[in-house]
Amino acid sequence: MGDAMDNAAPYLRLAGRILLSLMFIQAGIGKIFGYEGTAQHMTENGVPAILLPLVILVEAGGGFLILLGLWTRWAALALAGFCVLAGFLFHYHPGDMMQMINFMKNLTIAGGLLVLAGADPGAHALDNRR
């Protein structure tokens, strides 16, 4: 069984990177097309809308870096921090079960990103060509 898992590891890492990246790429691009609504949502939650371009860059840019396996560890670390920060700023409402589920999802995704930051991004990563 160990040999089979070792043989599958490069493909599992690639699949993991793809799955982790999709949410961030989609969210970042979605914020571009819903810029005004996102800016308003940020302001309503006490976050200055002036930070929206940075949010888009971190989400979409970080997502694409994870997808490509380029500067993977740094991108994963940045996105993990983003998830924790966004969780506290937008979802930490102990009296609201749905928001707390979203908060826990953010923390869980951050955990997966921290594992990626501490691991090899896999054979199918551009980091291997730098």
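Coordinates for the structure precede this section.
Values in this document were obtained by computation on a predicted structure and should not be read as measured data.

Now for the nonpolar core. Core analysis: the largest hydrophobic core is formed by 20 residues, its most contacted members being Phe-24, Met-42, Leu-52, Ile-66, Ala-76 and Leu-113. Secondary-structure elements contributing two or more residues to this core are helix 2 (35-44), helix 3 (52-68), helix 4 (72-91) and helix 5 (97-117). With eight residues, helix 4 is the largest single contributor of residues to this core. With residues near it in sequence (within four places) discarded, Met-42 still touches Val-47, Pro-48, Ala-49, Leu-51, Leu-52, Val-55 and Phe-90.

Take the packing of aromatic side chains next. If you walk through the whole model with that rule in mind, you get three aromatic pairs. Taking the centre distance of 4.9 Å and the plane angle of 75° together, the rings of Phe-88 and Phe-103 count as edge-to-face. Of the two residues, Phe-88 sits in helix 4 while Phe-103 sits in helix 5, which places them 15 residues apart along the sequence. Under the relative-accessibility criterion, Phe-103 is labelled buried at 5%. With a centroid separation of 5.0 Å and an interplanar angle of 65°, the aromatic rings of Tyr-92 and Phe-103 are classed as edge-to-face. Of this pair, Tyr-92 sits in the loop between helix 4 and helix 5 while Phe-103 sits in helix 5, and the two are eleven residues apart along the sequence.

In this section: helix 3. Over its 17 residues, helix 3 extends 24 Å from the first C-alpha to the last, a length consistent with the 24 Å expected when each residue adds 1.5 Å. Within the span of helix 3, buried status applies to Leu-52, Val-55, Ile-56, Glu-59, Ala-60, Gly-62, Gly-63 and Ile-66. End-on view of helix 3: buried residues confined to an arc of 160°, all on one side of the axis. Tucked into the core, helix 3 has its buried residues touching helix 1 (2-33), helix 2, helix 4 and helix 5. Just downstream of helix 3 lies Gly-69, where phi reads positive at about 70°.

On to a nonpolar patch on the surface. Taken together, Ile-29, Ile-32, Phe-33 and Phe-64 make up a surface patch of nonpolar side chains, about 420 Å² in accessible area. Residue contributions to the nonpolar patch peak at three residues, all from helix 1. Residue placement: Phe-64 occurs in helix 3. Relative accessible area serves as the criterion here: at 38%, Phe-64 is assigned to the partly exposed category.

What the largest pocket holds in volume is close to 640 Å³. Contributing to the lining of the largest pocket are 24 residues, with Lys-31, Glu-59, Phe-82, Ala-86 and Phe-90 lying nearest its centre. Looking at the lining of the largest pocket, the elements with two or more residues in it are helix 1, helix 2, helix 3, helix 4 and helix 5. No other element matches helix 4, which puts seven residues into the lining of the largest pocket.

The rules behind these values
- Residues numbered from 1 in each chain as written.
- Predicted model: local features only at pLDDT ≥ 70, side-chain atom pairs only at ≥ 80, totals over all residues.
- Heavy atoms only, no water.
- Core = buried A, V, L, I, M, F, W, Y, C linked by side-chain atoms within 4.5 Å.
- Buried < 20%, exposed > 50% of the residue type's maximum accessible area, 1.4 Å probe, protein only.
- Helix = DSSP H or I, 4+ residues; strand = E, 2+ residues; numbered from the N terminus.
- Contact = heavy atoms within 4.5 Å.
- Phe/Tyr/Trp six-rings, centres within 6.5 Å; stacked < 30°, edge-to-face > 60°.
- Expected span 1.5 Å × (residues − 1).
- Arc of directions from axis to C-beta.
- Patch = residues over 30% accessible without salt bridge, like charges linked within 9 Å, V, L, I, M, F, W, Y side chains within 5 Å.
- Areas by Shrake-Rupley, 256 points an atom, 1.4 Å probe, with all protein chains shown as cover.
- Salt bridge = Lys/Arg side-chain N within 4 Å of Asp/Glu carboxyl O.
- 1 Å grid on protein atoms, 1.4 Å probe; cavity = no way out; pocket = protein on both sides within 12 Å on 5 of 7 lines; lining within 4 Å.
- Points joined across faces, edges and corners; volume = space filled by probe spheres on them.

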